[in-house]
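# Descriptive analysis of the structure
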Amino acid sequence: MKKIELPPRAVETLYGVHDQNIKHLESLLDVRVDARGQDLSLDGNPADVETAGRIIEDFAALFREGKTFTDKELREAFAQIAEDRSYSLRDYFTKARFNPAGKKQVAPKSANQRRYIEAIQANDIVFGIGPAGTGKSYLAVAMAVQALTQKQVSRIVLARPAVEAGERLGFLPGDLQEKVDPYLRPLYDALFDLMDAERVAKMLEKRIIEVAPLAFMRGRTLADAFIILDEAQNTTSEQMKMALTRIGFGSKAVITGDVTQIDLPTGKRSGLVEAERILSKVEGIEFVYFTDKDVVRHRLVQQIIKAYESQTNKGEAAGPER
């Protein structure tokens, strides 16, 4: 059993509305937390009691320092620490959170998201691979905006293969930009969520931020830039090699994709799948893998991903249909 004394009025914040926060902590760890006034007692599995104790001691120290908390923030932090015991509540509230452009604060919502952010900070090339809704693209754009704001790079290049249109862009209505914009819309959405619309518009006009189909990168050397290649599972081997060799001095690149959602024509190899095989042991390149547990969209998205994965696995076990 472990005992901890909290500062005045801290118990209400820690426990949350209808005690939801502390119940969530107890559900994540094999512990029971009881309060008598400002004194807490923790009982349960010794390793879990130790982890819960560190969490609550950090909470008490941050509370004394004047830090404010929301119930949602605390529960997200508890979940990440339960998944990665080396992480701490102080790290979550003082290191992991950042405000890329002064409009919106961004924080990892899972241990893998945090590893992804740390990988981008530490490496020049990072691959983020996993299902939809895990924050791969959004966090990459957030890191790019922060790098630009802090003058670590002088421009951002966001690219996607417009594979759904194949070679038939010419048959779509409008000028070239209007033809490809639908395929790039998710990247625009992330930018406008993180930065004021007027500021984004000015940077797009001055080409400080460039959002373009992957083909536009051919023949260029992108120095002092933060490059994001999104939906990379739909690059061919040749396109992936071309994109990775565009990187110049002072540049950083993040490549994101979902290897279960390849839309390439039959017989075409995915450049992302091939890059996994060829580059996994290259120093300075890091691969971060996401799972359905990292999905931050509607709770049903996790269930949908699991259901499809289960069906796929059953199909593979049964063999091809006749």
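Scroll up for the structure.
This text gives an overview of the structure that appears in the document. (Residues numbered from 1 in each chain as written. Predicted model: local features only at pLDDT ≥ 70, side-chain atom pairs only at ≥ 80, totals over all residues. Heavy atoms only, no water.)

## Looking at the nonpolar core
Of all hydrophobic cores here, the largest spans 36 residues; its most connected members are Tyr116, Val141, Leu191, Met195 and Phe226. Among the secondary structure elements, those contributing two or more residues to this core are α6 (111-122), α7 (136-149), β5 (155-160), α8 (176-194), α9 (197-205), β6 (209-213) and β7 (225-229). At nine residues, the largest contribution of residues to this core is made by α7. Apart from residues lying up to four places away in sequence, Phe226 is in contact with Ile120, Ala140, Met143, Ala144, Ala147, Val153, Arg155, Ile156, Val157, Lys252 and Val254. Residues Leu25, Leu62, Leu89 and Tyr92 belong to the second largest nonpolar core, which totals 32 residues. (Core = buried A, V, L, I, M, F, W, Y, C linked by side-chain atoms within 4.5 Å. Buried < 20%, exposed > 50% of the residue type's maximum accessible area, 1.4 Å probe, protein only. Helix = DSSP H or I, 4+ residues; strand = E, 2+ residues; numbered from the N terminus. Contact = heavy atoms within 4.5 Å.)

## Side note on the sheet that holds strand β3 (residues 39-44)
Pairing is antiparallel across the open sheet formed by three strands, whose spatial order is β1-β3-β2. Looking along the sheet, the strands with just one partner apiece sit at the ends: β1 (2-5) and β2 (31-36). Averaged over all neighbouring strand pairs, the angle between strand axes comes to 20°, with direction disregarded. Judged from the six bridges that link them, β2 and β3 form a sheet pairing that is antiparallel. The residue of β3 that forms the bridge with Arg36 is Asp39. (Pairing = 2+ DSSP bridges. Axes fitted to C-alpha atoms, helices over the stretch in contact; angles between N-to-C directions.)

## Focus on the side chain of Asn123
Looking at the element boundaries, Asn123 is found in the loop between α6 and β4 (125-129). At a separation of 2.8 Å, a polar atom in the side chain of Asn123 contacts the side chain of Glu286. Excluding its chain neighbours within four sequence positions, the residues that come into contact with Asn123 are Lys252, Gly284, Ile285 and Glu286. (Polar contact = N/O pair within 3.5 Å; in protein donor to acceptor, adjacent residues only side chain to side chain.)

## Quick notes on the pattern of salt bridges
Considering all chains together, one arrives at 18 salt bridges under this definition. With its nearest N and O atoms 3.1 Å apart, the salt bridge here joins Arg207 to Glu210. Via salt bridges that share partners, Lys72, Glu76 and Lys109 belong to a single interconnected network. (Salt bridge = Lys/Arg side-chain N within 4 Å of Asp/Glu carboxyl O.)

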